[in-house]
Structure formats: C-alpha cells, structure tokens
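# Understanding the architecture of this molecule
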Amino acid sequence: MKDIETMAHQHGNAISYIQNDGGPKLGYCMHSGVTILEQDGYFFKDLNKDGKLDKYEDWRLSPEERARDLASKMTIEQIAGLMLYSRHQSVPAASGGWFASTYGGKSYEDSGAKPWELTDEQMKFLSEDHLRHILVTNVETPEVAARWSNLVQAFAESTGLGIPANNSSDPRHSSDSSSEFNAGAGGAISMWPEPLGLAATFDPALTRKFGEIAAKEYRALGLTTALSPQIDIATDPRWFRFNGTFGEDTRLATDMARAYIDGFQTSSGESELADGWGYDSVNAMVKHWPGGGSGEGGRDAHYGCGKYAVYPGNNFAEHIKPFSEGAFRLHGRTGKASAVMPYYTISVNQDTVNGENVGNSYSSHLIRDLLRERYGYDGVVCTDWLITADESGGKDTFLSGKPWGVEELSVAERHYKLIMAGVDQFGGNNEIEPVLEAYRMGVAEHGETYMRNRFEQSAVRLLKNIFRLGLFENPYLDVEESAHIVGNPSYMQAGYEAQLKSIVMLKNKQQILPLPRQSTVYIPKRHMPAGKDWFGNPTPETVEYPMNMEVVAKYFKVTDNPDEADFGLVFMSSPKSGTGYSQEDADNGGNGYVPISLQYKPYTAEHARKQSLAGDARPDEVLNRTYLGKTVTTHNESDLDAVMDTAEKMKGKPVIVSLSLSTPMIVGEFESHVDGIIAHFGVQDQAILDILTGTAEPSGRLPMQMPANMATVESQFEDVGHDMECHVDTENNVYDFGYGLNWSGLVEDERTRTYKKKQSTIVFSTSSL
C-alpha cells in the first residue's frame, strides 16, 4: 500500500490519482474512506470499503456486468435514491424563491460559504435519500462548477457503495445577444443558436459538431447527462416550446436529433472506453416521448390548461419517427439515446389497449407496450419534473405539480403506477419515502421477489449510464483544465459561425441588403409593458435600446433623428399572448380558455372549434374548452407600433426588420411596409450586424411555415405539419418551410433539395371544426 501511495499525485481537496499501466486513471478522495486494491498488476478502487475486489469495482468488466453486480448489492433504499432526480440546483444556491437553499442553516450571503460548497439540502439528499442524479442550473463560473462537482463526488464516494453522482443540465449554450464576439477571446461557455436555429441551417453535420463541443464543455463542468435534445415535431405553430425543437418537419427533426445525440454521446480515440462511450461522452436524455407538439389550441402541458395533446389528423405515428428513426438509430457506436423523457401531456385516445387517458409517463401502453416492447428501448425512462406532486394554483401556474390524469391518486400511488408502467426515474423528486411506499405497495400486490427484481431492473439501467462514462474510476475534475476547456476561443468561434449560418433572410426588396458600413441608422427604443414570465414572475415595464449600441456603433453611425438616417432598423420578437388561459375570463363566468395569437393586433377567434377535442369531465372542471369568439391581446403589440412608426418617420427611406422568432408568426401585419427582413432564433447582436453589412452571407432557411393569417392557424390540425396557407410577400415569395434568401436570391443547394418538399398547402374547412 505504501508503494501505491507513493504513486498517487495529491491535487487539491485531497484528491489523489493513480494511473494504471494499460488501464484507466483512478481518482479518489483521500478523506472518503476509499482505498486502493491491487490485483493482477492493476489498481482498483475499493468503493464499498470491504477490502476485496467486487465485480462492480473491476473496470475490466463490461458496464452491464458491473451494473448487475452493484444492483444486487444495493438496498431497496439505495435503489429508491438512485431513482430520484433532484429539483433544480444553482451553484451557489439562491437565498429565496422556489429553489432556495441554506449553508449551515443560513443563506448563502450570511453563511460565509464559498460559492462551490454544498448546501444543507444537497448533503441531505446525497446521504439520507441516496440521491445520485442532480439537475444543475446556473453556475457562477466554470471554476466554481468544477470545484462544486469535485465536492459532490467526494461526498458521494464517502457514503454507501461509493456510487458517483450523475450531474445533468438543461440546454445551456444559448447566445447572450448583447455580448460581443472577438476572434481569439473566450467566454463563460460557447454560444450557439437555439435548436430551431440549428434546424434553420439544414445541416446535421453542424448540429453534430455542436454536440461534440457541448459535450466536452459539459464534462469540464462536471455534467454527464444532457436533458436534451427536444425532438418533438412542432406541428402546432402556437406552442411556446416551438423554439426548443428542430421545427415541424419530421425528416429534418429526425436527422437533427440523430446528429445531436451522436455528438453528445460519442467518444473516440484515447477518450473511448468501449462501444463509443468514454470520457468525452454525455448521456442524452431525449424528450419528449411520444411527442408533445400537438397540444390542443397550441397550449402547453406545463400548465393545467394545456394538459391534452390531440390528434385531429390521426397523425400520432408521425410524432414517434424522430425517436424510432433518429434517437434510437444513431450513426455512432453508442446506438441509441441513453435516456428518454416522456412529456406531461395526456395523448388523448392513443391508448388503444386500456383506454386510459393519463399523462404519458403514467401510460403503460405508451411506455411498456410501445416504447419498451414495440421499439425495443431498454434505456432509462425518466419522468418530466414534478408529475408526481399535487396540483396547486390556477390553470396557468407553472410552478405546480402536474399529475395529469391521475389527480385522484396519492403521491405514493403515482410513483407505483409509474414504476409498473416501466418508468425508472422521477424528475424533480428529492425525497425517497414515496418511492419506498410504492415498493411496499408492489410487495403487497406481487410479492417481494417480483418487486426486488423490478427495482434492480431500473437500477441496472441507471447504473450503466454512469459506468459507461468512466465515473466510477475517476469522477474528479482538474479545475484549471475545466477553465481552459469551457468557452475556449475555438469553441466560441464554432458557435458564432453556427449563429451566422442560422440566420434567415426573408425579404430583400430591390437588393437593399447588404447595407454599407458607416451609413447612418435610426434604431427606435423598444417598449415592453409590465407582464410576467413563463414561471409567473412579474416583469417590469422597460423602454430601452434593443441592441448593444456600442457594438452597433462599430458598424454604423447612429442617430436618434430619423431625418438624418439612411435607413431604419427595428427589432421585433414573436407575438406573445399568454398561455391560452385567462383567470379573469373564468372569474367572469367563462370557461377560462382564450386563444393564443400569432399576430400583434388584438385577435378574435372567429374560426375556432365550437367544441374542444378534449376536456376534463370531473366536477368543477371544464369539459368544453372552446374559445370561439373570444379576444386576446398581445403583450408586445408595441413591436408592431415601432415598425409602423419608423416607416412613417423614414418617409420612404428603407426600413429593415430584425425578427427574433420563437414561434411562427403573422408577418402580414407589417411586411408590406418594410424593405428587408432577417429572422433569427437566438443569436448575438454582432451576428445580425455581420449579416446586415455583408460580412457574412445569409444561408439559413425557415424550419417551419409562416402562416398567412390566424384563420389558417385555427384551421390547421395540431398534429399535422405543413398544413397552413403561407404568407406571400410583396416580392411574390412564399414563406414556406425551407424558404430563405441569399444575396443572389433563393437559397438552393444540396441541403435544400434534401429537405424542402414540393408542398401543396392544405386548408382545412372550418365548418368541420
């Protein structure tokens, strides 16, 4: 043992490393109680501290064999903890609000704690609840993230069987629009367009490159599971999660899903351990099975008002294709996405076996019959967050439990139903007791042997995703190396180039674009009235410039006097009219349901259904959720006012619009009044300016249709893509899927020919609705 210690290299936080000759480097915390075993000339970590080499500690064995051995050694309490997936954790923790935590009983500010120290709640759920899957949100810096990760892993290593933590993240590579890009400079993390922007490149190879870079940055932050990609086909244009998808086209979404997951999961060369998995791999949790893009009326299932997905076009099977043909048929050696998250929605009348209308995770037909048996998926199934918690608040409350379709069950009964449906893990659950109670229910119904086997089945699936990444051998990070990797200049450059490729030029009347540098621009300030964000938190009224004006000044002369300007530049974003529910309407005797609008002006739903396709038959609930004849106003109608006002002030001089798209929208309200339109999906201001001035040429294409009016939006089927009448502009261009301009005219290349279809617009008769 003395010889082994001589070989160990102590490296901060008492972490030591031992390099095997022809095998992996072992990292362990010298205060965790773990010691090193030597056998057959190799070194191994004695994770359960029993003085002998167990199969799960033997890195020479396959992840499957190791996982089965470890699962057999775990208590039911330890397996139940492995099935938990934590609520959102920020580093350091917030002192107030929904995700508040403490340090030694005090707030972060009052505790004197370092930003990377563990919270009281984290130490409790790691030790008492045996939790090993942590969802990380904000981190102060890459260095802080790496130090925190090391503390989490050392703490986990010191308890029980020494199972490492599998830290995870929602997508975190969005662009900070106001930040400036400089070649050769780094950043907190590389910045890329939103998934809808990646789709707009029509380039799966670029998306795979994103996945490869993002995975390396995730691993350097201590993150080993990505709660992405979101591969629902966004067949209803009103859905507020449209921007997180790859658009409405099945083939494009399928290819993008495959490329994204291959990029995240695949290790190669010295980084590969086996079967494509290794030290550069990040588990991809693909979502949302079996597709959540068809919420009735465009409403979203985060809210009680949007719990139903409907299929008026009988198109359910189409929504599965990005999973069955993409996520489960990878080109890389990892084969398939390692985890799947079903959505909150009740997929109405799609259970043809049991006739159940329950949230997708609760459906034994959707999980066991379809996902597990028909499509042969044997990876982890994890619920979306908080589906086992009780509903609280109103129909438009985000921070609430979402037990759709099983509201009458207890929290433990919900866990039991999920387990029996084939689910392995419970998102947003920190507490072990409901899982243990579910186990006792199963023992009472099926016997202890059956339930023990069922729990071990989930444990093996969950453990394999940890073993395959090499975390049992070395879960620790070099803090300096992490700081060097995350947001390094080459990654920032790749992300910026992707941003440029994602921008779509919709209109270029009389070739007004590109604009001469140092010409004079008038940019009106953008007014946003007070409102609330999607969490329900109030947002203040603002009047401010929509761009970083210091960056603008490097491209153009800036004036506040339209008479002095050569052109006007107006910034708009997709119209936002709310969740599709109005408590005020309900308080005034209505059913509470209102339209979701894709236009800026007040919208009255004259073409909506008289009878909704889904509803809640329980007492005090709403069976008919129609909003026919109701009017909704748009929160950002001032965007339209700014365009019209600028066009008037410019007195015939060119007006250009920069359009930030999170959903399709009705551009017909302003398009004829402007000369140029560029659309983007979350990019830095600088990328917009590089396109406007010709530093880069636009090459993006619309990954969705832009509807001609709200009548066609109401007439389309929520579950069917490409079924709207599209806007035709003053230049006779049709804003259909795959449309985009470059300096020469229509973008036409191999990618366009691969994905763009000759489509006849489908207009459904409103009389049938």
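Residues numbered from 1 in each chain as written. Predicted model: local features only at pLDDT ≥ 70, side-chain atom pairs only at ≥ 80, totals over all residues. Heavy atoms only, no water.

### Let's talk about the overall build of the protein chain
When its secondary structure is counted, the protein chain shows 22 helices and 32 strands. A globule of 769 residues ought to have a C-alpha radius of gyration of about 27 Å, and the protein chain, at 27 Å, matches this closely. Along the first, second and third principal axes, the C-alpha atoms of the protein chain reach 85 × 60 × 55 Å. When the 769 residues of the protein chain are sorted by exposure, 61% land in the buried category. When the accessible surface of the protein chain is summed, it comes to about 28,000 Å², and 48% of that surface belongs to carbon and sulfur atoms. (Helix = DSSP H or I, 4+ residues; strand = E, 2+ residues; numbered from the N terminus. Rg over C-alpha atoms; globule rule 2.2 N^0.38 Å. Buried < 20%, exposed > 50% of the residue type's maximum accessible area, 1.4 Å probe, protein only. Areas by Shrake-Rupley, 256 points an atom, 1.4 Å probe, with all protein chains shown as cover.)

### Let's talk about empty space enclosed by the protein
Under the counting rule described, the total for this entry stands at 7 cavities of 30 Å³ or more. Here the largest cavity defines a volume of roughly 100 Å³. Lining of the largest cavity is provided by 14 residues; of these, Glu296, Gly297, Arg609, Tyr627 and Glu718 occupy positions nearest its centre. In the lining of the largest cavity, the residues fall into 2 nonpolar, 5 polar and 7 charged. (1 Å grid on protein atoms, 1.4 Å probe; cavity = no way out; pocket = protein on both sides within 12 Å on 5 of 7 lines; lining within 4 Å. Points joined across faces, edges and corners; volume = space filled by probe spheres on them. Nonpolar A, V, L, I, M, F, W, Y, C, P; charged D, E, K, R; others polar.)

### A closer look at the sheet that holds strand S9 (residues 166-169)
Strand order in the open sheet formed by 7 strands is S7-S8-S9-S10-S13-S15-S17, with parallel pairing between adjacent strands. Taken across any chain shown, the strands that pair with only one partner, and hence form the sheet edges, are strand S7 (88-91) and strand S17 (380-381). Along the sheet, helix H11 (residues 364-374) makes contact with strand S13 (283-289), strand S15 (339-342) and S17, crossing S13 at roughly 125°. (Pairing = 2+ DSSP bridges. Contact = heavy atoms within 4.5 Å. Axes fitted to C-alpha atoms, helices over the stretch in contact; angles between N-to-C directions.)

### Observations concerning the pairing of S15
Of the two faces of S15, the one carrying Ala339 and Met341 and the one carrying Val340 and Pro342 are both buried. Alignment of S13 against S15, held across 4 bridges, turns out to be parallel. Bridging across to S15, tryptophan 289 finds its partner in proline 342.

### Some details on the confidence of the model for the protein chain
Summarising the model, the protein chain shows a mean pLDDT of 94, and 96% of its residues fall at 70 or more. Taken together, the stretch residues 1-12 has pLDDT below 50 and engages in 23 contacts with residues farther than four places along the chain or on a different chain. Scored below 50 in pLDDT, residues 758-769 makes 24 contacts in the model with residues more than four places away or belonging to other chains. (pLDDT = per-residue confidence, 0-100.)

### Thoughts on the pattern of salt bridges
What the rule picks out here adds up to 46 salt bridges. Taking the shortest distance from any N to any O, the salt bridge between lysine 52 and aspartate 50 comes out at 3.6 Å. Taking the relative accessible area as the measure of exposure, aspartate 50 reaches 34% and is therefore partly exposed. Of the charged contacts in the structure, one is a salt bridge between glutamate 272 and arginine 333, with a shortest N-O distance of 2.4 Å. Of this pair, glutamate 272 sits in strand S11 (residues 272-274) while arginine 333 sits in the loop between helix H10 (316-327) and S15; the two residues are 61 residues apart in sequence, bridging distant segments of the chain. Owing to a relative accessible area of 23%, glutamate 272 belongs among the partly exposed residues under this scheme. Through salt bridges with shared partners, a single ionic network connects Lys307, Lys395, Glu407, Asp616, Arg618 and Glu621. (Salt bridge = Lys/Arg side-chain N within 4 Å of Asp/Glu carboxyl O.)

### Section: the environment of leucine 689
With respect to the secondary-structure elements, leucine 689 resides in helix H20 (residues 685-692). For the pair formed by leucine 689 and serine 294, sequence separation is 395 residues and the distance between their alpha carbons is 36 Å.

### Digging into the environment of alanine 199
Examined against the element boundaries, alanine 199 turns out to sit in helix H7 (residues 195-200). A relative accessible area of 0% places alanine 199 in the buried class. Linking alanine 199 and methionine 256, residues 57 residues apart in sequence, is a C-alpha distance of 7.0 Å. Setting aside residues up to four positions removed in sequence, alanine 199 forms contacts with Phe246, Leu252, Met256 and Pro703.

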